[in-house]
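One letter stands for each residue in the lines below.
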Amino acid sequence: MSMVKSPSGVRTAARVVNATKLYGRADSAVRALDNVSVEFQGAAFTAIMGPSGSGKSTLLHCLAGLDTLTEGQVLIGDTDVSRLNDADLTLLRRNRLGFIFQSYNLVPTLTAEENIVLPLRLGGRKADPQWLAQVVTAVGLADRLHHTPAELSGGQQQRVAAARALISRPEIVFADEPTGALDSRSSADLLRFLRHAVDEYGQTIVMVTHDAVAAGYADRVLFLRDGRVVDEMTEPTADRILDAMKGLGE
Amino acid sequence: MFGLTLKGLLARKVRLLLTAVSVMLGVAFVTGSLVLTDTVNAAFDQLYAGLTKGTDVSVRSKAAFTDTATMGSPKPFDAKVVDQIRKVDGVAAAEGSLTGFALMLDKSGKPIQPGGAPTLAAGFQTDRELAGGFSMRKGRGPEAPTEVVIDAGTARKQGFTPGDPIKIMFETGGQRQFTVVGIAGFGEADNLAGATLATFQMSTAQELLGRSGQFDTIDVRGKTGIKPDELRSRIARVLPTGLEAVTSETVSSEASKSVSDALSIFTKIFLGFAAVSLLVGSFIIWNTFSILVTQRSREHALLRAIGAGRRQILGSVLAEAVVVGLVASGLGLGVGLAVAGGLRGLMSVIGMELPSASLQLHLRTVVAAFAVGVGITVVAALAPAWKATRTPPIAALRDAATPAKGVSRWRLAVGGLLFVGGVAGLIRAMSADSQVAAAGAGALATFFGLTMLAPVAVRPLVRVLGAPIAGSVTGGMGRLNAARSPRRTASTATALVIGLALVVGITVVASSVKASVGDVVDRANKADLILKSASQFAPGFPSGVADKLRRVPEVGTVSEMRFGVAQIDGATTYVAGVDPATVDRMANLGVESGSLAALGTDGVLVNTDVATLKGLRVGSPFPVKFAQSGDRKLRVAGTFTDKTLVGSSYLVSLDTYNANFSERLDIAVLVGARKGVTTEQVKQAAKAALTEYPNVAISDSAELKKTQNDSVDQLLGMVYVMLLLAVVIALLGVVNTLALSVLERTRELGLLRAVGMTRTQVRSAVRWEAVLIAAVGALLGLGLGLAFGAAFSRSLASIGIVTVAVPIVQPLVCAVIAALAGVVAAIFPARRAAKVDILRAVVTE
């Protein structure tokens, strides 16, 4: 897994180049992404924001290999995602990416621990016990490992999902509105853990959110509108983000 | 509301079809049996109407009773009666007729034996109008004692043309040679319902059939303008006692009725299979609708929230059931027609020839098909529909995933009681002879008890059965998913249990029958050789065989046996004629009281069980009604225990038999070797002596066992085909359940795919789930089937099952195949599961 180094010496974990995504037929097509080019740095926490319909989720899905671009390229490391077939995409997701969705992150029949190690087991691998213990402790679930999702609170479920996303030490973790269904306290717990993962383990995280507070945990915020990247902010705070969002007309 | 239902249904065509198929096959069985019966009846009606054409009144001996088995053998009477009838005012023509047994041989000397239809001899009637549908196609009528007219069917199949020589055998004597001078047809048909017919000059026929100067019937045609009824009563006035005159309408309707009586057994068997597949189908319908109602609880709650009444919810679910039922019935009707056509073909392949007529689809059949199809579907959907009405409106606001409900205490108690009681009944049936009632009630109670308890048993069963595969990630998931909704798995598996339990149970009974046949032959038989008709459809073979054997030096004992139909206490039954002097040397009858010697000309040996039941002892009067000779006062000459070789509970002497029956065909001949002659030697000698009787099969006891076993296997094969259909329906139920479960788990599947599950892994997990569900059904079906089979085998001791043999390999193979068939059932749901659109599954909401 070689990493592409940018001239500045910071590695680039993922890139989109001239990405365009059209939905629908040619005559009534909706342009969800309009010639977007953007890089995501390694070991950094990037938030993508924008009003609904801005294309932020589409960008994330295309990056994660869940959706395909109409035109342009997606590179994870130096792998051209747009050239992979379904089987290779599956392996890419299993081995090199992690996911946290807004809700329904866990398989209801499996316990918390089984859910966490699922990506490894699907690949026929065993979890490194030390790493597992470290992640589980960090998300504060050591005493909840043998519970099924139905026995966990929403916040706990999302933290299990976060642990799962990290278990295979993926190149990038994609989070799609991970706090969307959580109360503010649970949100804070989850976001602190994600921040911790970036700072302590050098994890790369790309998160779509519409919550300025959540985005405030990131190193960098991208603002999208009408399928284009219209603004960018480093070292953001919730207040500055809110101002920027107002500027976007939200 | 109905519009909504319909729209919903059309959106799910595949599921609708899958659900409908489970009922469709049952409907097809019902339709098929009705159509086939109607078709065959119509064909025979047509045939008999054609045959009696041209005849207004028939004169014949009064029969003491008429029954399917006695048709065509009225007592012959003096031919001079015809002269008296010709003198009756209004009679235009009258001519005697005579029919009997004649077996033609083909050009290579093999008997021409149609399956199920008789081989007939007849006298040629010179009055062409009276001959009815019988018409010359080629050549001319017989004009000399060595000339014969044969039916067009035989001529066509065997390649006979006028001028050819042909050999024919009769009730007495060996082969005789004739010359074919004519070919006759019957209206458009080439033969009489599959029968072969050799027609001779009347006087020749009388001599050949041993009825010189006698007729069976006299056919009469009236002058124009006279009504058949009037003619009938005029003739009746001049008839001697013992004869009657009947209109040809009566004759043909009697004949038709006897055919439909004979067919009714077939219809009943077929309807039995229909019942089995409908029971299986109803489980699948119930299951499907339960799942649908659960999945739609949010939709129903929403409807309730916006003001729909409970009755409207009930109506909408039941309306869906009605549509499914209608589709199922329509398809079943079509398939049933095809099945009827196919079965007619199959029957002629296995040798049962039927007259042809176009398939008869009566309104009654259509009504029955729709009543059964819609009825079963709606009844099976009632409980789920009721459950749907219980959805509280608030459920619309909750997250849909309702946890699987536990099994109620009430259900556990009733199910447990039924199961324990049923098992007790089965054990009772297994530990004592002839407990049919205990076996039947036990089987039913065990099955229904198990059905009620199954949801509780599913989890542990799946856990144990799935243990070997739990190590793999997909196997483990399949195992978890199979136990996820125990009720669903239980009812899906139950459908399989029914089919498999019947297959296994019948296998056990069949192997018991086979083992018994061996034991019976060993125990009851003392003869070296047993002679029977080569064809199971033949009524017997000429007595000339026994005469010939008596002249063979290697043969020591020859004992003939004949079979006839009589009424005893109002019930039609078989009576066997045996030779009192020799039969006990050739067979172990187990005479308990009285003796064979006491049979004389008015004695009956009665089976001990029957005698006990009827309170008979030696010397008791024993009235018997014979078809030809009427009421006879016989007496009980003794009792005997072993009827397995003679095949009847009533034995009379051959003298008594001959006095009351006109047939002289032997059903079997038992042969003992002279002292110092081996079985093999006497067999070779008998074979050499009987070369001109190709219609006789000579077997020693080992060969007899084998032929008996072969016929059991043949029957078993047919039963298997029918029951396997029930298993196939059950597997369709697995397909349906899995397809619905997959649909329900779309989000979960999408998530799994997102975190790295390959399509192959998804398919594998679904496959394991299917195999586990099928394995649960197979295991329970295997257990029930073995218990049912053992219980029923034991309880059927009275019909000759003396040994209960429980085979292990065959049922086990059945069960393993059924479980593995889960793989096939999983193909379609697994493909759907693998195709889940990840993005839509995970992201939407």
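In what follows, the structure referred to is the one given above.
Predicted model only: the values in this text are computed from it and were never measured.

A.B. asks: Honestly, the interface of chain B and chain A in this entry has me stumped. Any pointers?
C.D. replies: In many analyses, interface size is given as the accessible surface area lost on bringing the parts together. Contacts between chain B and chain A engage 24 residues on the former and 23 residues on the latter. With both sides pooled, the region where chain B packs onto chain A buries about 2100 Å², and carbon together with sulfur makes up 66% of that total. If you sort the residues of chain B by the area they bury against chain A, Leu751, Val755 and Leu839 of chain B come out on top, with a joint share of 26%. Here Arg759 of chain B ties to Asp86 of chain A by a salt bridge, and the two come within 3.7 Å at their closest N and O atoms. The interface formed by chain B and chain A includes eight residue pairs in polar contact (both at pLDDT 80 or more). Elements represented by at least two residues in the side of chain B that touches chain A include exactly helix H13 (473–482), helix H21 (746–754), helix H22 (759–795) and helix H24 (838–843) of chain B. The dominant element in the side of chain B that touches chain A, judged by the number of residues it contributes, is H21 of chain B, at six residues.

A.B. asks: Sorry, what's going on with the pairing of strand E10 (residues 175–186) of chain B here?
C.D. replies: Residues in a regular strand project their side chains so that they alternate between the two faces of the sheet. Residues and elements named next belong to chain B. In terms of strand pairing, strand E7 (residues 134–139) meets E10 through five bridges, oriented antiparallel. If you follow Ser135 over to E10, its bridge partner there is Gly185. One ladder, built from five bridges, connects strand E8 (residues 147–151) with E10; its direction is parallel. Across the sheet, the residue bridging to Val149 is Gly182, located in E10.

A.B. asks: Could you clarify how one ought to interpret helix H4 (residues 129–139) of chain A in this entry?
C.D. replies: Given 3.6 residues to a turn, an α-helix orients residues that are three or four positions apart in the same direction. Residue and element names in this part refer to chain A. Among the residues of H4, those classed as buried are Trp131, Leu132, Val135, Val136 and Val139. Along H4, the residues classed as buried sweep out an arc of 125° about the axis, all on the same side. Looking at H4, the residues exposed on the side facing more than 90 degrees away from the buried face are Pro129, Gln130 and Thr137. Elements in contact with the buried residues of H4: helix H3 (112–122), helix H5 (154–167) and helix H6 (184–201). One or two steps after H4, the chain reaches Gly140, where phi turns positive at roughly 70°.

A.B. asks: How should I be thinking about the sheet that holds strand E3 (residues 91–97) of chain B in this particular structure?
C.D. replies: Paired through their backbone hydrogen bonds, the strands of a sheet run either parallel or antiparallel. All names here are of chain B. As summarised here, the arrangement of the four strands in space is E3-E13-E1-E14, forming an open sheet in which the pairing is antiparallel. On the outer flanks of this sheet lie E3 and strand E14 (243–247), each paired with one strand and no other. In this sheet, adjacent strand axes meet at a mean angle of 20° when their direction is disregarded. The pairing of E3 with strand E13 (residues 217–222) spans six bridges and is antiparallel. By the bridge assignment for E13, Ser97 is matched with Thr217. Sitting on the sheet, helix H6 (residues 228–238) touches strand E1 (57–61), E3, E13 and E14, and the angle it makes with E14 is about 175°.

A.B. asks: How do you make sense of the environment of Lys687 of chain B when you look at a structure like this?
C.D. replies: Within the element layout of this structure, Lys687 of chain B appears in helix H19 (residues 679–689). The partly exposed category is assigned to Lys687 of chain B, whose relative accessible area is 39%.

A.B. asks: Explain the pattern of salt bridges here, please?
C.D. replies: Opposite charge on two side chains allows them to pair when their charged atoms are near. Residues and elements named next belong to chain B. Using the criterion set out here, one finds 42 salt bridges over all chains in the structure. Residue Asp164 is joined to Lys107 by a salt bridge in which the shortest nitrogen-to-oxygen separation is 3.4 Å. Here Lys107 lies in the loop between strand E5 (103–104) and strand E6 (119–123) and Asp164 lies in the loop between helix H4 (152–158) and strand E9 (165–169), a separation of 57 residues in the sequence. Looking at Asp164, the relative accessible area reads 17%, which means it is buried. Overall, Lys107 belongs to the exposed group, its relative accessible area being 54%. With a shortest N-O distance of 2.6 Å, Asp713 and Lys514 are connected by a salt bridge. One end of the pair, Asp713, is in helix H20 (residues 701–744); the other, Lys514, is in helix H14 (residues 486–524), and 199 residues separate them in sequence. Judged by its relative accessible area of 26%, Lys514 falls in the partly exposed class.

Cut-off values and rules
- Residues numbered from 1 in each chain as written.
- Chains lettered and ligands numbered in written order.
- Predicted model: local features only at pLDDT ≥ 70, side-chain atom pairs only at ≥ 80, totals over all residues.
- Heavy atoms only, no water.
- Contact = heavy atoms within 4.5 Å.
- Buried area = accessible area lost by both parts, 1.4 Å probe.
- Salt bridge = Lys/Arg side-chain N within 4 Å of Asp/Glu carboxyl O.
- Polar contact = N/O pair within 3.5 Å; in protein donor to acceptor, adjacent residues only side chain to side chain.
- Helix = DSSP H or I, 4+ residues; strand = E, 2+ residues; numbered from the N terminus.
- Pairing = 2+ DSSP bridges.
- Buried < 20%, exposed > 50% of the residue type's maximum accessible area, 1.4 Å probe, protein only.
- Arc of directions from axis to C-beta.
- Axes fitted to C-alpha atoms, helices over the stretch in contact; angles between N-to-C directions.

Purely geometric stuff here, so don't read any function into it on its own.
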